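Close look at the chain arrangement
Below are the chains, spelled out letter by letter.
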Amino acid sequence: MNPIVPIAAIGLLTTSTAFAESASAPLIVVEDRGGASALPYYQSLDPQPEHATPPAPMPAPRVGNAADAEAAMLPVRSTQLSPGEVQHRVIRAPGLRPLFLIGDDARSRAWLQQWQAALRELGAVGLVVNVDSAAALAELRRLAAGLTLSPASGDDLAQRLGLRHYPVLITPTGVEQ
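Report on the accompanying structure. (Residues numbered from 1 in each chain as written. Predicted model: local features only at pLDDT ≥ 70, side-chain atom pairs only at ≥ 80, totals over all residues. Heavy atoms only, no water.)

1. A few points about the pattern of salt bridges
Side chains bearing opposite charge may pair, as long as their charged atoms lie close to each other. For the record, the criterion: Salt bridge, as used here: a side-chain nitrogen of Lys or Arg that lies within 4 Å of a carboxyl oxygen of Asp or Glu. Helix numbers and strand numbers start at the N terminus; a helix is a DSSP run of H or I with at least 4 residues, a strand a run of E with at least 2. Under the scheme applied here, a residue whose accessible area is under 20% of the maximum for its type counts as buried, over 50% as exposed, and between as partly exposed, the area being computed with a 1.4 Å probe on protein chains only.
For the structure shown, the criterion picks out five salt bridges. Of the charged contacts, one joins Asp 132 and Arg 77 as a salt bridge, the two residues approaching to 2.3 Å between their closest N and O atoms. Of this pair, Asp 132 sits in the loop between strand S4 (125–130) and helix H5 (134–143) while Arg 77 is found in the loop between helix H3 (66–72) and strand S1 (82–83), placing the two residues 55 residues apart along the sequence. Judged by its relative accessible area of 48%, Asp 132 falls in the partly exposed class. The salt bridge partner of Arg 107 is Glu 85, with a shortest N-O separation of 2.6 Å. In this pair, Arg 107 is assigned in helix H4 (residues 106–122) and Glu 85 in the loop between S1 and strand S2 (89–90), connecting sequence segments 22 residues apart. The exposure class of Arg 107 is partly exposed, given its relative accessible area of 34%.

Okay, structure coming up:
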């Protein structure tokens, strides 16, 4: 197990406990040397009144069903990813479920048909990182019968793994096309 995770959890617990205690306990003035208020310096910034009412909570958008929710996410654009060549490389990500990134383009469709059996055998999950419409997503799902495809931006994943192109398969041990 990665030793950083327990250390980070302890740090987070300590910080949140200290914050909770400081939020509930009144402040104690250790020393007051007098002086002038700094408020005039902040007036030009137009601070909020001390007893301002909080903004009204915004209601969550209502979506009738899963298809409507998914359609509301479209189009999906991953600005850091484009179709292209991916060099095979080794990574160490134990516990990572195999996943693949594709888009709505000819290269991704051909790759998906070529890799479909292997992806199914691995139990890989697909992220469609560039797709414009529900119809295009449905067509990709038809090509990937038996595989899970979800529309999602791949920019964060691309940044973390140093990816620039797709289609790509990411497993606990490597990145390959």
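2. A look at the packing of aromatic side chains
How we decide: Two aromatic rings from Phe, Tyr or Trp, using only the six-membered ring of Trp, form a pair when their centres are within 6.5 Å; if the ring planes differ by under 30 degrees the pair is stacked, by over 60 it is edge-to-face, and anything between is tilted.
Summed over the entire model, instances satisfying the criterion amount to two aromatic pairs. Ring centres of Phe 100 and Trp 111 lie 6.0 Å apart, and the angle between their planes is 45°; on these two criteria the pair is classed as tilted. One end of the pair, Phe 100, is in strand S3 (residues 99–103); the other, Trp 111, is in helix H4, and eleven residues separate them in sequence. Each ring, one from Trp 111 and one from Trp 115, has its centre 5.5 Å from the other, and the planes form 25°; the classification is stacked. With Trp 111 and Trp 115 both in helix H4 and four residues apart, this pair spans about one turn of that helix. Each of the two residues, Trp 111 as well as Trp 115, counts as buried. Aromatic ring contacts, followed pair by pair, group Phe 100, Trp 111 and Trp 115 into a single cluster.

3. Concerning the nonpolar core
Basically, it comes down to this: Definition of nonpolar core: a set of buried residues of the types Ala, Val, Leu, Ile, Met, Phe, Trp, Tyr and Cys, connected through side-chain atoms within 4.5 Å. In this analysis, two residues are considered to be in contact whenever any of their non-hydrogen atoms come within 4.5 Å of each other.
Formed by 19 residues in total, the largest nonpolar core has its most connected members in Phe 100, Ile 102, Leu 112 and Leu 119. Mapped by element, the contributors of at least two residues to this core are S3, H4 and H5. Apart from residues no more than four positions distant in its own chain, Leu 112 is found in contact with Phe 100, Ile 102, Leu 119, Leu 140, Leu 143, Ala 144 and Leu 147. If you look at the next biggest cluster of nonpolar residues, it comprises twelve residues, including Ile 91, Leu 101, Val 129 and Leu 163.

4. Let's talk about H5
This is how it is decided: Within this analysis, the arc is defined by the directions that extend from the helix axis to the C-beta atoms.
Burial in H5 covers these residues: Ala 136, Leu 137, Leu 140 and Leu 143. For H5, the angular spread of buried residues about the axis comes to 115°, placing them on one side. Exposed residues pointing more than 90 degrees away from the buried face of H5 are listed as Ala 135 and Arg 142.

5. A word on H4
Residues that lie three or four places apart on an α-helix share one face, since the helix turns once every 3.6 residues. Formally: How far a helix is expected to stretch is found by multiplying one less than its residue total by 1.5 Å. Take the seven residues that end at a residue and the seven that start at it, fit an axis to each, and the angle between those axes is the bend at that residue. Residues adjacent in sequence count toward polar contacts only when both atoms are side-chain atoms; beyond that, a polar contact is any pair of N or O atoms within 3.5 Å, and within protein one must be able to donate a hydrogen and the other to accept it.
Over its 17 residues, H4 runs 23 Å from end to end, which matches the ideal 24 Å to within 8%, given 1.5 Å per residue. At Trp 115, H4 shows its strongest bend, of approximately 60°. Ser 108, Trp 111, Leu 112, Trp 115, Gln 116 and Leu 119 are the residues of H4 that are buried. Where H4 begins, one side-chain oxygen reaches toward the backbone nitrogen of Arg 107, 3.2 Å away; that side chain belongs to Asp 105.

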